[in-house]
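The lines below spell out each chain.
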Amino acid sequence: MQFFIDTANIEQIKEANALGILDGVTTNPSLMAKEGITGKDNIYKHYKAICDIVDGPVSAEVISTDYEGMMREAHELVEIAPNIVIKIPMIKEGIKAIHSLSGEGIPTNCTLVFSAGQAILAAKAGATYLSPFIGRIDDTNWNGIELIREVAEIYAIQGFDTLILAASIRNSRHIVDSAKAGADVVTCPLPSILGLLKHPLTDIGLAKFLADHAKASK
Ligand code: G3P
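In this report, the structure presented in the accompanying data block is examined. (Residues numbered from 1 in each chain as written. Predicted model: local features only at pLDDT ≥ 70, side-chain atom pairs only at ≥ 80, totals over all residues. Heavy atoms only, no water.)

**Considerations on unusual backbone geometry**
For step 1, the next point in the chain: Even without being a glycine, Leu 112 presents a positive backbone phi close to 65°.
For step 2, the next point in the chain: With respect to the helices, strands and loops of the structure, Leu 112 is situated in strand E5 (residues 108-113).
For step 3, the next point in the chain: Residue Ser 168 is not a glycine yet carries a positive backbone phi of 60°.
For step 4, the next point in the chain: When you line up the elements, Ser 168 lands in the loop between strand E7 (163-166) and helix H9 (172-181). (Helix = DSSP H or I, 4+ residues; strand = E, 2+ residues; numbered from the N terminus.)

Here it is as structure tokens:
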């Protein structure tokens, strides 16, 4: 399973990259706004800065909702760097754009996915990645991980090669459960990645090893 970081924060991307386990980055307009990045030029420069740090796929989301606008943005975004992936919302015009971009060999990430039916449509259109939002599904009292499991089963039965990218990860347990459910990629905020390190017995055990070593060295 690949690890992407879900942020537009440069420091956090650098910190995750320094761990040596980072495979890519996903962003969205809300995450860009959170960093105070506004205006097309600044947003494109910011994508370039991210692509300069990470070699793997970097998802850049279109803000148009019509086919022509999405295609225009996609063609501009792919000029930024060779590792840009075009993130497109799961709407009718988006499916048309994913199909066209797939035909041009431009990688896509179909975002805002909340059902297995949407997952089938995105795969049929040729999406490279599919982003089910598991945390937001959990927020509505449904089960986001179950959606990952269902889509993984459908894609395996049907032989779709679209990669399942579990998004809207809210905690480290979501990462473990996504791995069990068959996600190909998880995109996570930095605290959820770092949370995987934590276990109280590791801290207690390390403290004891160091204390015993110090005692014996006296
Ligand atoms: O990249 C989109 C996604 O991960 C959103 O997460 O926490 O805003 O639901 P969240």
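**Notes on the sheet that holds strand E3 (residues 58-61)**
For step 1, the next point in the chain: Spatial strand order, E1-E2-E3-E4-E5-E6-E7-E8: eight strands in a closed barrel with parallel pairing. Going across the sheet, the axis of each strand differs from the next one's by a mean of 30°, ignoring polarity.
For step 2, the next point in the chain: Bridge count for strand E1 (residues 2-6) against strand E2 (residues 24-26) is three bridges, and the pairing is parallel. From the neighbouring strand, Ile 5 faces E2, where its bridge partner is Val 25.
For step 3, the next point in the chain: Strands in contact with helix H5 (residues 92-103) are strand E4 (84-89) and E5; relative to E4, the strand with the most contacts, it is inclined by about 155°. (Pairing = 2+ DSSP bridges. Axes fitted to C-alpha atoms, helices over the stretch in contact; angles between N-to-C directions. Contact = heavy atoms within 4.5 Å.)

**Some remarks on helix H8 (residues 144-158)**
For step 1, the next point in the chain: Helix length check: H8, at 15 residues, gives a terminal C-alpha distance of 21 Å against a target of 21 Å (1.5 Å per residue), a fit within 8%.
For step 2, the next point in the chain: Looking only at H8, the buried set comprises Gly 144, Ile 145, Leu 147, Ile 148, Val 151, Ala 152 and Tyr 155. One side of H8 holds all its buried residues, which, seen down the axis, span an arc of 150°. Counted as exposed and oriented over 90 degrees from the buried face of H8: Glu 153 and Ile 157.
For step 3, the next point in the chain: For H8, the elements touching its buried residues are E5, helix H6 (116-125), strand E6 (129-132), helix H7 (134-139), E7 and H9.
For step 4, the next point in the chain: If you check the start of H8, you find a side-chain oxygen 3.1 Å away from the backbone N of Ile 145, and it comes from Asn 143.
For step 5, the next point in the chain: Backbone geometry just after H8 places Gly 159 at a positive phi near 70°. (Expected span 1.5 Å × (residues − 1). Buried < 20%, exposed > 50% of the residue type's maximum accessible area, 1.4 Å probe, protein only. Arc of directions from axis to C-beta. Polar contact = N/O pair within 3.5 Å; in protein donor to acceptor, adjacent residues only side chain to side chain.)

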